[in-house]
Amino acid sequence: CLILTPDGLYEADIYCRLAKVEDPYYAIGSGSMAAMAAMRCGKNAKEAVRIAASIDPYTGGKVQSMSLENPRTKRLLSEMSKSRDRTSKNRRRS
């Protein structure tokens, strides 16, 4: 699963170990390799998933994409960061 924090985007494996996503784009799931290859060839996320679905029999359904550049996402991350800072300050006082 993917986890978005104010520090960045992380993928958790089956043992809940986190790995920071450093790439400008990312895909998860059975068709992730095909989708990543399509994005490296210049396709956007939705196009890449459609290509992966044409190759991988387990990829399909409604295509959804998210961007960390979306203003709503940036606002959410800012709010998360402020909340984390307040929590840290409160813990130091205790």
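See the structure above.
Described below are features of the structure shown in this document. (Residues numbered from 1 in each chain as written. Predicted model: local features only at pLDDT ≥ 70, side-chain atom pairs only at ≥ 80, totals over all residues. Heavy atoms only, no water.)

**Let's talk about the overall build of the protein**
As a reminder of what qualifies: Secondary structure is summarised from DSSP: a helix means a run of H or I of at least four residues, a strand means a run of E of at least two, and numbering begins at the N terminus for each. Between the two quantities, the radius of gyration covers C-alpha atoms and the globule rule is 2.2 Å times the number of residues to the power 0.38. Remark: exposure states derive from per-residue accessible area (1.4 Å probe, protein chains only) relative to the maximum for the residue type, with buried under 20%, exposed over 50%, and partly exposed in between. The contact criterion used throughout is that any non-hydrogen atoms of two residues lie within 4.5 Å. Only the protein chains shown count as cover for residues, and the accessible areas themselves come from Shrake-Rupley with a 1.4 Å probe. Charge assignment: positive for Lys and Arg, negative for Asp and Glu; neither His nor the chain ends contribute. We put the charge of a Lys on NZ, of an Arg on CZ, of an Asp on CG and of a Glu on CD.
Assigned secondary structure in the protein consists of three helices and three strands. When its helices and strands are written in sequence order, the protein yields β-β-β-α-α-α. A compact globule built from 94 residues would reach a C-alpha radius of gyration of about 12 Å, whereas the protein, at 17 Å, exceeds it by more than 25%. Over its C-alpha atoms, taken along the principal directions, the protein stretches across nearly 55 × 30 × 20 Å. Taking all 94 residues of the protein together, the buried fraction comes to 21%. A fraction of 24% describes how many contacts in the protein between residues 6 or more apart in sequence connect residues 24 or more apart. Looking at the protein as shown, the accessible area adds up to about 7500 Å², and 53% of this sits on carbon and sulfur atoms. Between the centroid of the 17 positive side chains of the protein and the centroid of its 10 negative side chains there is a distance of 8 Å.

**A short note on the side chain of Thr-59**
For clarity, the cut-off: Pairing of N or O atoms within 3.5 Å defines a polar contact, subject to two protein rules: one partner must be a possible hydrogen donor and the other a possible acceptor, and residues neighboring in sequence count only if both atoms are side-chain atoms.
With respect to the helices, strands and loops of the structure, Thr-59 is situated in the loop between α2 (45–55) and α3 (71–93). A residue is classified by how much of its surface remains accessible, and Thr-59, at 17% relative accessible area, is buried. Polar contacts involving the side chain of Thr-59 include one to the side chain of Ser-30, which spans 3.4 Å. Engagement of the side chain of Thr-59 in a polar contact is seen with the side chain of Asp-56, the distance being 2.6 Å. The residues contacting Thr-59, other than those within four sequence positions of it, are Ser-30, Gly-31, Val-49, Ala-52 and Ala-53.

**Notes on the sheet that holds strand β1 (residues 2–5)**
Short version of the rule: The pairing criterion for strands is at least two bridges between them, as found by DSSP. Only the stretch in contact is used when fitting a helix axis, every axis being a line fitted to C-alpha atoms; angles between N-to-C directions are given from 0 to 180 degrees.
Taken in spatial order, the three strands make up an open sheet running β1-β2-β3, and their pairing is antiparallel. Of all strands in the sheet, those with a lone pairing partner are β1 and β3 (18–20), marking the two edges. Going from strand to strand, the sheet's axes swing by 30° on average, the running direction of each strand aside. Bridge count between β1 and strand β2 (residues 8–12): four bridges; the pairing is antiparallel. Bridge assignment links Ile-3 to a residue of β2, and that residue is Tyr-10.

**What to know about helix α1 (residues 32–40)**
Within α1 the residues assigned to the buried category are Ser-32, Ala-34, Ala-35, Met-36, Ala-38 and Met-39. Where the residues of α1 are buried, they touch α2. Count one or two residues on from α1 and you reach Gly-42, which has phi positive near 100°.

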